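# Fold and geometry: a report
Okay, here's what each chain looks like letter by letter:
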Amino acid sequence: MNQPRDSRYEDWRPVLEKVRDQLVRHIQAYNRKEMETHGENAYEHLLYRIKGTASMKEKCRRKGLPFNARSALHAIRDAIGLRIVCRFLSDIDRNLRLLRAIPGCTVIQEKDYVRNVKPNGYRSYHLILRLEEPFPDVEGNDPGIFYAEVQLRTIAMDSWASLEHELKYKRNIRNPELIGQELKRCADELAACDLSMETIRKLIRESGTVDPGKESGTHEDFTCRR
């Protein structure tokens, strides 16, 4: 693909999908290796997307940028987005280490909202990755440079963020201050739960070994209990 610099953002979607899929394969590969080596998955589940045209156009507008491929792919660096949802706090650090080891991948920006919590209670770890891939980029470089945003969260953090996001875009909400206070309280309680779960995991690890075939992260042994 050889798109001119002033090409449309949507024209680059096939290339962005290839870059995204390659990054996903790397992450899935290290997850399989962690399972084979340590008997534990590195994460619970992985979500990913390519930012839609309308959403990217609005972001360019907010940042005072022209809406074209160069702005969308290089000035703004979240056209490719991934979310790695972990079971435990320590898995966030483990995935950070594994992401840094991916060939052709460089972490160029980090925002730690796990240790530096946002005032509303939001917790997550954000990364911007610089990816070198065998496709021409918007500047005509080959191999090209592409970017992806990665968010790492625990299951508790992800559940809270989903609820907060839903309420954020609701209109005419009554008592928004009260709702904000309750959300913050809930975020703090979930954070305390994450710490407790980490402690329990440590105690379990100290008391025995994990049978890889029976690790809770494998879905072959998944059951529903009431």
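Residues numbered from 1 in each chain as written. Predicted model: local features only at pLDDT ≥ 70, side-chain atom pairs only at ≥ 80, totals over all residues. Heavy atoms only, no water.

## Observations concerning the overall build of the chain
When helices and strands are counted, the chain shows 6 helices and 5 strands. When the helices and strands of the chain are placed in sequence order, the string is α-β-α-α-β-α-β-β-β-α-α. Relative to its full complement of 226 residues, the chain shows a buried share of 42%. Considering only contacts within the chain whose residues lie at least 6 apart along the sequence, 66% involve residues at least 24 apart. A total of about 13,500 Å² of accessible surface is found on the chain, and carbon and sulfur atoms cover 50% of it. (Helix = DSSP H or I, 4+ residues; strand = E, 2+ residues; numbered from the N terminus. Buried < 20%, exposed > 50% of the residue type's maximum accessible area, 1.4 Å probe, protein only. Contact = heavy atoms within 4.5 Å. Areas by Shrake-Rupley, 256 points an atom, 1.4 Å probe, with all protein chains shown as cover.)

## Comments concerning the pattern of salt bridges
Within the structure shown, the criterion is met by 24 salt bridges. Here Arg-94 and Glu-34 are joined by a salt bridge, their closest N and O atoms 2.7 Å apart. Within this pair, whereas Arg-94 is found in helix 4 (residues 89-100), its partner Glu-34 is found in helix 1 (residues 13-38), the two being separated by 60 residues in sequence. Each member of the pair, Arg-94 as well as Glu-34, carries the same accessibility label: buried. Where Glu-58 meets Arg-61, a salt bridge forms, and the shortest distance between an N and an O atom there is 2.5 Å. Of this pair, Glu-58 and Arg-61 both sit in helix 2 (residues 53-62), separated by 3 residues, roughly a single helical turn. Three or more residues are tied together by salt bridges with common partners; here these are Glu-34, Glu-40, Asp-91, Arg-94, Arg-201 and Arg-205. (Salt bridge = Lys/Arg side-chain N within 4 Å of Asp/Glu carboxyl O.)

## Thoughts on a nonpolar patch on the surface
A cluster of nonpolar side chains, contributed by Met-197, Ile-200 and Ile-204, occupies part of the molecular surface with about 280 Å² of accessible area. With respect to the helices and strands, Met-197 occurs in helix 6 (residues 176-207). (Patch = residues over 30% accessible without salt bridge, like charges linked within 9 Å, V, L, I, M, F, W, Y side chains within 5 Å.)

## Notes on the packing of aromatic side chains
Evaluation of the coordinates by the stated rule reveals 2 aromatic pairs. Considering the side-chain rings of Tyr-9 and Phe-67, the 6.4 Å spacing of their centres and the 55° angle between planes classify their relative orientation as tilted. Of this pair, Tyr-9 sits in the segment before helix 1 while Phe-67 sits in the loop between helix 2 and helix 3 (69-75), placing them 58 residues apart in sequence. Tyr-9 sits in the buried class, given a relative accessible area of 3%. Taking the centre distance of 6.0 Å and the plane angle of 65° together, the rings of Tyr-113 and Tyr-122 count as edge-to-face. When its relative accessible area of 9% is taken as the criterion, Tyr-122 is described as buried. Sitting over the ring of Tyr-147, Arg-77 keeps its end group 4.4 Å from the ring centre. Sitting over the face of the ring of Tyr-113, Lys-118 holds its NZ or CZ atom 4.7 Å from the ring centroid. (Phe/Tyr/Trp six-rings, centres within 6.5 Å; stacked < 30°, edge-to-face > 60°. Lys NZ or Arg CZ within 6 Å of the ring centre and 35° of its normal.)

## Concerning helix 5 (residues 155-168)
With 14 residues, helix 5 extends 20 Å between its outermost C-alpha atoms, agreeing within 8% with the 20 Å of an ideal straight helix rising 1.5 Å per residue. Listing the buried residues of helix 5 in full gives Ala-156, Met-157, Asp-158, Trp-160, Ala-161 and Glu-164. In this fold, the buried residues of helix 5 make contact with strand 1 (45-50), strand 2 (80-86), helix 4, strand 5 (144-154) and helix 6. (Expected span 1.5 Å × (residues − 1).)

## Regarding the packing of helix 4 against helix 6
Relative to each other, helix 4 and helix 6 sit at 80°, their axes nearing to 8 Å. The orientation of helix 4 with respect to helix 6, classified from their angle, is roughly perpendicular. Across the interface between the two elements, Leu-89, Ser-90, Asp-91 and Arg-94 from helix 4 touch Asp-194, Leu-195, Glu-198 and Arg-201 from helix 6. Of the residues belonging to the contact of helix 4 with helix 6, the class tally is 2 nonpolar, 1 polar and 5 charged. (Axes fitted to C-alpha atoms, helices over the stretch in contact; angles between N-to-C directions. Parallel < 35°, antiparallel > 145°, perpendicular 65-115°, else oblique. Nonpolar A, V, L, I, M, F, W, Y, C, P; charged D, E, K, R; others polar.)

## Considering the confidence of the model for the chain
Residues of the chain with pLDDT of at least 70 account for 88%, and the chain-wide mean is 88. Below pLDDT 50 for its whole length, residues 215-226 participates in 15 contacts with residues either more than four positions away or in separate chains. (pLDDT = per-residue confidence, 0-100.)

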